[in-house]
Amino acid sequence: MKKYLIILMLFVTCNLSAQVSIKGTVTSATDKEPIPGASVVIKGTTIGTTTDIDGRYSIKAPDAQSILVFSCIGYEDVLIPADGKELINVAMNEKMEKLDDVVVMGYSNKTKNEITSAVSVISSDKLVDVTSQNIESMLQGKVAGVSVVNSSGQPGSEPLVRIRGISSMNAPQGPLYVVDGIIGGSYDPNDIETLTVLKDAGSTGMYGAQANGGVIVITTKSAKSKKMTFNFKANVGFTRPDFDRQKRMNSAELYNYYREYFRDPETYMVDDVAFNNAIPKSVLNTDTDWRGLAFRTGTVQQYYFSLMGKSDRNSYYDSISYFDEDGTMRNTGYKQVNVRSNNTFNLTDWLKITSNIDIHGSTSSSMDSNLLYYLDEALPWDSPYDENGDLRKFSESTGIWMRDKVNPLLAFEDNQLVNNVKSIGLDYDFSVDVKITPWLSFNSQNRVSGSTDKTHYHRTTNVETMESGDFIQESQTFVVSGITTDMFKAKYNFGKHTVSGLFGYEAQREYGEEMSASGKGLPYGLYVLDVASNTYVVGGSNYTNGMQSLISQVNYDYGNKYFVTASFRVDQSSTFDKANRTAMFPSISGSWVVGNEPFMAGNDLIKGLKLRASWGKTGMKDIGASKYLEKFAYSTQYDDNTSAVPTQMSNPNLKWEQTTQFNVGTSFSLADRLDIDLNFYRNITNNLLVYRDLPPSGGFDKQWQNFGSVLNTGFETSLGAHILKDGKLKWNADFSISYNYNRLFGFGDTVIYTSHYGVMQVYKEGCSLYTWYVKDYAGIDPETGRRQFIDENGDKTFDYASARYVEAGSPLIPWEGGISTDISYGNWKLCATGNFVWGDVLYGRQRASDLAIFVENSLEPSSEDVIWKQPGDIATIGLPAYASSQIYDTGMLVRGDYFKVRNITLSYTFDKFLHSDNKLTLALSCDNLCTFTNVWGADPEVNMSIDSDLLPGEISTWENRYPNNKQYVFQVNLTF
Amino acid sequence: MKKINCILSFLILAAGLLSFTGCNLDIAPSNSLTGDQMSESPTGLEDIINGCYTIFKDYQEDQESNDWYLRQYYQMSDFSSDDVTYGHETEDNLNMIFRYPERTPALDNITTFWINSYKLIYAANVALNVADRAEEKTDLVKHIEGEALFLKAFAMHNLVRLYAKPYTQADVDTDPGIIIRESMTDTDNKGRASLKDTYDYIVNCLLEAETDMEDIDVSERDSKGFASIGAVRALLSRVYLYMGEWDKSIEYSTKVIDSGDYTLETTDDIPDYITDTKDASETIWCIIMNQTDDKQEGSIASMIMTEGDGCWGEEGYSPSILSDMGIGTDMEKVDVRFRFVQDPVIKNGLTLYPCSKFSGQDGSKTSSSPVMFRLSEMYFNRAEAYAHEGDEPDALDDINTVRAQRIDPSAIEGSTVEDFLYKTSDVNSSTTILDLVLKEKRIEFAFEAQRFFDLRRNGMDIIRNYWGFHILTYSVGQAVSKAPGLDVDQVVTKASYSRLVFPIPSQEVNNNPSCVQNEGY
């Protein structure tokens, strides 16, 4: 084959003869070694060649005055006028920045140059500034187009990640994780070497039916050099709950506030006699800070130790990490241990075996979320203690002011309420690479995973919550899964043409079992199932799901300038019935590296200019098993008799949700100071998987159907500035901003509502997902102190029932971005990261009067709030006599804009600590330092999941979620 | 060597490719049967009919956590009446049951009841379909067929009396009833049948059930938790009363009373009746909820029983019914039905008397097996029919029969039961015999989903002349020393007020355009 090509090339060369013939050798200026594959072009023509294995070239120039351009990846371009010379030897200088970093794309690796789609790569050092055990927190604000919502400070909780908006109504939206080239898997954040976010179908198309939410590819560490390297890291710090914008009233504030309740709606005078009868001044003798008693200063510690190295035949990386957080709420915490061993063996020059294992165990303790509710409701006028200073039961005490007779602190006593999850899991990866010919190889990647987790919950009769009595429940799950990906990979060069590709088969299967048992009637001091004496309930089930796929990809590049990638994937999933089981996901993408064109050579202003475009399809199927079948559930009983209930009607037509994605982008750097990356995308998701309302009179109220479409379109901009890069003082800054526009279409006249109590969201033609649909609020009437609304005729009214509904914005985030900067001076370094969100609308601006149900504690009014007292007052809070908890209007909506300072780290590095090879870095780091927002009464990072009781973007009327933490950490990082 | 690895590689891939078509991706759920599997199950018919009963007591998939059939059944009927004080405003949609003008078709609780009713009707239709295909019509099959017909009729009657105008107060040929689902394949969108057609359909189901269940004895289904011929006749007695068919109602009430299968609980038994309804002699049919079905903070009791142990204690006996019961008089001592009235608590300036009628089974404050039919109702149905026919003595007899079992004269020295029974003289120019029947029924059936329908059926206004959050402007600071005047908004509600009929849930109307909405929504 090669011979023929050479003959062909000779033939071509012969045709071009009769001009000036130039030859020579290209070498590296650094090590004087020859450079093979360097490109030699006559400037202003298409005439060109590449150097051979010994760095030699020969070229026919049109005339003696031609200018030769020598270029090669990783080296500075060299321009030399021929000037009639026949021998030109060139020494090329290495470029400072490494353009040819390998980017891991999942099924294949590419150099940055070769990439034809929108991807973002983050290296580990940019990732681990935040101290956390989950990668999601670390990503916040760091990648354009990736939205991370961290709505809970519960240790171990995982934030929500959404890439390029939300494209589904009911199907899950999270990205697909790929660890070390295989779908799924586990890792410790410290094990991560690079993280690649695949954002458009040019690259995610390869993952077909699982890739609607984007793909995050994680590569764990491997040895870089033969030197054995040890690394030890320790992060130790403390945490505080962030209640900054959600303070509750103290005793006196609440007393003065309740006095307003006794303001007569007719005379506007406070009836102090009635007030003092109802609430005597003696309540002021008690001022309990309920939150203060239930929350504390938490601690966080993380230790990591690794060693790695390699020889000619093998390479290894071993690590162990331990994470331990005591939450800010008493009795909550999270511990995790992770052990990893990565080993690669080059058995022969054609056979490579990789064997990686990751073992992880964790235990997490939490409290009932309704305890947060009671802590917020509890009154400062009530003392949790009896006269002996012991905690007392409110249900058995007299003179309690709180409306629900619940003393939430009882649950925090030792062993009174325990809720924990213990889990252990193992992933084993085994890969074989076989080099069949120089251009063809076979690659088999396999993973088996097993995990089990066990939850334990118990509460004693001593605990007061709304649920009565003692209770114990345990449940256990056991999951095994396997995946195999077997591919032929080929790569072939001929001249300036490079063709590569892969073709293969992938199969996944998961089997899970779960069981649970509960009971009541626990004896004093014992908390296991064995001792429960009554009300036994048991449950158990298993499931299987499977998927198999054909995958293929072809890459072509010409002269390192023009790149085309096409992929095609066929998926079959057990989620759907036979007829709709198979789906196809094609994609095509291309790029033009303008920067490698001869006419750009020597352009010092714009470097590395690249244009990209991609088109492709991805899908989504994760709606749970057997949603297309007619089902009779056997999970209940009637008077202990076997009972079957029709729970699902069949829908054999159910099929994949598919997104067609289009992306164009460019990247370049300006004067070596500013790296710019721009992307524009337009994604249309069709056949949305909708858990749709049916007319209930047919016997079923809901069904999974494919219905309607959604458009997500927007742009992303990332800027990386090297403001000061020479000298001792260095300053870099990164900035990213993205915009996403979301619209539903293909709905016709159909309108779908979802609601949580009276709060509604509407899905209809031309609306954004999650559009609020609530009554039109028109402020507090200055004359009467009553709430006003707008009715159907556009007139003001006091009557809530006759108020009109309006579509009033969506909690989907249109604008968001991040900013980070690092300044270093010698061994000192100061880094800061922040992120912002702009333009979303949340529900739940907490007007104090709407909260203060008699008698509960209330949120402190914000500085902007004015309480109405007499005619003429321009107020935000009306007369309490008109307060109602059943009002759902636009007055409760608030812009969710915020800017958060995520992290500030100051560090100092000792270059030669004890020994010349050792490096020690000490750092002080603060996470979640401060928030700038107008949202009052809650953290502006609000749950956006559809799996919650609350609607996406709804702040509970009572802010009963675990507050986010502020974290102050001391870090040590030692390498030797 | 290279050849070997080459061949090996291809083999692995080929194996994968071959299995691409062979890999089994048809996976059945582990805790449900599919429709095909169900028809092969030898016990399918019994499983399905038992499943129908679970719909009364279970939370259904995807529904708001506290909404389930019976809770909504009691909430929608009793909280609409003048028997209950609404003592604490809550986020629960039961708010709008009390506040008629704020009722909307989108409310979760109203929707849930509708959904579960039709789910029950569908399940009953599946049972009828399976019974129909049974090779041999054994007594068991006939009994189950009767149960299915009965359950369908019961669910339909509950729907029609909540979501349509009262039969006796409407133009039955033109006013809409509810959507009739004749079989499990009758599921396409369709409109509401007229009131007359709806009631006729219900009656026909019941008559067919009566024929099915007559003279058969099936030990497997012998439980008060399952419908029996007694339950079928009791429902006929009720339905005919709602239709104004006095003779028929009397006929079926009498059939049940004379069957000898049931006896009234006595004065001694009644206070404990609620702790064991399924074994009580007065019970005709109840929904058995065992220990594991205890709904705690989502139970019926949670709304009306004294606060604590899963109860919110936000609703209680209204001053209106307490006054009819004779609070503050000797009746408080002798009428054992006062045992269900709990010690008052002050809440938001209101004096609330909680009710224990759904508490005490298995020692749990929130557990009971709610009674759908008990013998006492047959006396009251018959008394009301007699009263309408002008048969005053028989009407008095019937209510006194019940009352005699509710009076314990020993509390007052020297008195006898007779002293506390109604006399002919109690019927006078200001109190008709019907008034008397309804007053006594109100006392007997407080919180048992009767009062609202008694008023509606007889075209009576609803007068809630007491403070509570049903009055839209009520607030704690308001003077509560005297009862609100009749001129206060929401105190008097005319029988003709359109929002006393619940709205058809928007989920139905929006997705089934042939279904008309009720007036006033």
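Residues numbered from 1 in each chain as written. Chains lettered and ligands numbered in written order. Predicted model: local features only at pLDDT ≥ 70, side-chain atom pairs only at ≥ 80, totals over all residues.

**Overview of the overall build of chain A**
Move 1: From N to C terminus, chain A includes nine helices and 51 strands.
Move 2: In terms of overall size, chain A behaves like a compact globule, its C-alpha atoms giving a radius of gyration of 32 Å where 976 residues would be expected to give roughly 30 Å.
Move 3: Principal-axis analysis of the C-alpha atoms gives chain A an extent of 115 × 70 × 65 Å.
Move 4: For chain A, long-range pairs separated by at least 24 residues make up 68% of all intrachain contacts whose partners lie at least 6 apart in sequence. (Helix = DSSP H or I, 4+ residues; strand = E, 2+ residues; numbered from the N terminus. Rg over C-alpha atoms; globule rule 2.2 N^0.38 Å. Contact = placed C-beta atoms within 7 Å.)

**Describing the sheet that holds strand 2 (residues 39–42) of chain A**
Residue and element names in this part refer to chain A.
Move 1: Overall, antiparallel pairing links the four strands, which are arranged 3-2-5-6 in an open sheet. Each edge of the open sheet is held by one strand with a lone partner, namely strand 3 (48–50) and strand 6 (78–81). For this sheet, the mean inter-axis angle between neighbouring strands, taken without regard to orientation, is 20°.
Move 2: Pairing of strand 5 (residues 67–71) with strand 6, which is carried by four bridges, proceeds in the antiparallel orientation. (Pairing = 2+ DSSP bridges. Axes fitted to C-alpha atoms, helices over the stretch in contact; angles between N-to-C directions.)

**Structural notes on the domain arrangement of chain A**
Move 1: In terms of domains, chain A is made up of domain 1 (16–92), domain 2 (102–227) and domain 3 (367–413).
Move 2: On a C-alpha basis, the centres of domain 1 of chain A and domain 2 of chain A stand 41 Å from each other. (Domains from an automatic or database assignment.)

**Side note on the interface of chain A and chain B**
Move 1: With 74 residues of chain A at the interface, the matching set in chain B holds 71 residues.
Move 2: When residues of the side of chain A that touches chain B are traced back to their parent elements, those giving at least two are strand 22 (417–437), strand 23 (440–459), strand 24 (471–494), strand 25 (497–520), strand 26 (534–558), strand 27 (562–573), strand 30 (631–638) and strand 31 (641–648) of chain A.
Move 3: Sorting elements by how many residues they give to the side of chain A that touches chain B places strand 26 of chain A first, with eleven residues.
Move 4: A per-class count over the side of chain A that touches chain B returns 31 nonpolar, 31 polar and twelve charged.
Move 5: Two elements, strand 30 of chain A and strand 1 (residues 32–34) of chain B, share three bridges in a ladder whose sense is antiparallel. The residue of strand 1 of chain B that forms the bridge with phenylalanine 632 of chain A is leucine 33 of chain B. (Nonpolar A, V, L, I, M, F, W, Y, C, P; charged D, E, K, R; others polar.)

**Side note on the nonpolar core**
Move 1: One finds Ala127, Phe150 and Leu206 of chain B to be the most contacted residues of the largest nonpolar core, which totals 144 residues.
Move 2: It is helix 6 (residues 108–132) of chain B that provides the largest number of residues to this core, a total of 15 residues.
Move 3: Discounting chain neighbours no more than four positions away, the residues touching leucine 206 of chain B are Leu149, Phe150, Ala153, Val232, Leu235, Leu236 and Val239 of chain B.
Move 4: Core analysis: the second largest hydrophobic core is formed by 79 residues, Val146, Val149, Ala209 and Ala938 of chain A among them. (Core = buried A, V, L, I, M, F, W, Y, C linked by C-beta atoms within 7 Å. Buried ≥ 20, exposed ≤ 12 C-beta atoms within 10 Å, placed from the backbone.)

**Here we look at the sheet that holds strand 41 (residues 777–780) of chain A**
Residues and elements named next belong to chain A.
Move 1: Spatially, the three strands line up as an open sheet ordered 41-42-43, and their pairing is antiparallel. The open sheet is flanked by strand 41 and strand 43 (796–797), the only strands paired with a single partner.
Move 2: Direction of pairing for strand 41 relative to strand 42 (residues 787–790): antiparallel, over a ladder of two bridges. Within strand 42, the residue paired with tyrosine 777 across the bridge is phenylalanine 789.

**Notes on unusual backbone geometry**
Residues apart from glycine generally show negative phi values, whereas peptide bonds are mostly found in trans.
Move 1: Phi angles above zero are rare outside glycine, and aspartate 180 of chain A is one such case at about 50°.
Move 2: Look at aspartate 180 of chain A and you get buried, because 23 C-beta atoms sit within 10 Å.

**Some thoughts on the confidence of the model for chain B**
Residues and elements named next belong to chain B.
Move 1: The pLDDT averaged across chain B works out to 91; a share of 94% of its residues lies at or above 70.
Move 2: Here helix 1 (residues 2–22) stands out as the element of chain B with the lowest mean pLDDT, 61, in contrast to helix 9 (residues 229–243), whose mean of 98 is the highest.
Move 3: On the interface metric, ipTM, the complex scores 0.91, and its pTM is 0.85. (pLDDT = per-residue confidence, 0-100.)

**Re helix 8 (residues 369–377) of chain A**
All names here are of chain A.
Move 1: Among the nine residues that make up helix 8, seven are buried, leaving the element largely enclosed by the rest of the structure.
Move 2: All of the buried residues along helix 8 are Leu371, Leu372, Tyr373, Tyr374, Leu375, Asp376 and Glu377.
Move 3: Its buried side turned inward, helix 8 meets helix 7 (290–294).

**What about the confidence of the model for chain A?**
Move 1: When pLDDT is averaged across chain A, the result is 88; 95% of the residues are at 70 or more.
Move 2: Counting contacts from residues 1–17 of chain A, a segment whose pLDDT is below 50, to residues more than four positions away or on other chains yields four contacts.

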